[in-house]
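Residues per chain, in single letters:
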Amino acid sequence: MSKNIHQSKTRALIKAVLWTLLGLLVMVVVGYVMTGSLETGGKMALINSGIGMVTYFLYERIWDKITWGRHV
């Protein structure tokens, strides 16, 4: 008998937020290096992080429904 292990939506959301914050920090640095402007780099990072958080959350929810490769 096999059980599927699922993560909660809250866990997936927390993971997405933490990943987004890490990505935001990296993108601010990259944006600053590329443009020489902390403001422009920060704006680029915010836009990228917002898009990234939504797509990561959806990606995690989709993979949570896929049972391939799971073992209990």
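Everything below is about the structure shown above.
What comes next concerns the included structure. The structure displayed is predicted, hence computed values, not measured ones. (Residues numbered from 1 in each chain as written. Predicted model: local features only at pLDDT ≥ 70, side-chain atom pairs only at ≥ 80, totals over all residues. Heavy atoms only, no water.)

1. Points about the overall build of the protein
And then number 1: Of the regular secondary structure elements, the protein holds 2 helices and 0 strands.
And then number 2: For 72 residues, the compact-globule estimate of 2.2 N^0.38 gives 11 Å, and the protein exceeds it by more than 25% at 16 Å.
And then number 3: Taking all 72 residues of the protein together, the buried fraction comes to 18%.
And then number 4: Sequence-distant contacts in the protein: of pairs separated by 6 or more residues, those separated by 24 or more amount to 61%. (Helix = DSSP H or I, 4+ residues; strand = E, 2+ residues; numbered from the N terminus. Rg over C-alpha atoms; globule rule 2.2 N^0.38 Å. Buried < 20%, exposed > 50% of the residue type's maximum accessible area, 1.4 Å probe, protein only. Contact = heavy atoms within 4.5 Å.)

2. Brief notes about helix 1 (residues 9-35)
In an α-helix, one full turn covers 3.6 residues, which means residues spaced three or four apart are oriented alike.
And then number 1: Over its 27 residues, helix 1 extends 37 Å from the first C-alpha to the last, a length consistent with the 39 Å expected when each residue adds 1.5 Å.
And then number 2: Taken together, the buried positions of helix 1 are occupied by Ala12, Ala16, Thr20 and Gly31.
And then number 3: Here the buried face of helix 1 lies against helix 2 (38-65).
And then number 4: Following helix 1 by one or two positions, Gly36 has its phi on the positive side, about 75°. (Expected span 1.5 Å × (residues − 1).)

3. Topic: the packing of aromatic side chains
And then number 1: Tallying each qualifying case throughout the model produces 2 aromatic pairs.
And then number 2: Measuring from ring centre to ring centre gives 6.5 Å for Trp19 and Tyr56, while their planes differ by 25°; the resulting arrangement is stacked. Placement of Trp19 in helix 1 and of Tyr56 in helix 2 is noted, with a sequence separation of 37 residues between them.
And then number 3: Owing to a relative accessible area of 52%, Trp19 belongs among the exposed residues under this scheme. (Phe/Tyr/Trp six-rings, centres within 6.5 Å; stacked < 30°, edge-to-face > 60°.)

4. A few points about the pattern of salt bridges
And then number 1: For the coordinates displayed, the defined rule picks out 3 salt bridges.
And then number 2: In this structure, Lys43 and Glu39 form a salt bridge, with 3.2 Å as the shortest nitrogen-oxygen distance. Taken as a pair, Lys43 and Glu39 lie in helix 2 at a separation of 4 residues, close to a single helical turn.
And then number 3: Assessed through its relative accessible area of 55%, Glu39 is described here as exposed. (Salt bridge = Lys/Arg side-chain N within 4 Å of Asp/Glu carboxyl O.)

5. Focus: the environment of Gly52
And then number 1: Relative to the helices and strands, Gly52 resides in helix 2.
And then number 2: Each C-alpha atom, one on Gly52 and one on Thr20, is 6.8 Å from the other, the two residues being 32 residues apart in sequence.

6. A word on the packing of helix 1 against helix 2
And then number 1: Running from amino to carboxyl end, helix 1 crosses helix 2 at an angle of 150°, the nearest separation of the two axes being 7 Å. Classified by the angle their axes make, helix 1 and helix 2 are roughly antiparallel. For helix 1 against helix 2, the interelement crossing comes out right-handed. (Axes fitted to C-alpha atoms, helices over the stretch in contact; angles between N-to-C directions. Parallel < 35°, antiparallel > 145°, perpendicular 65-115°, else oblique. Left-handed = near helix turned anticlockwise from the far one by under 90°.)

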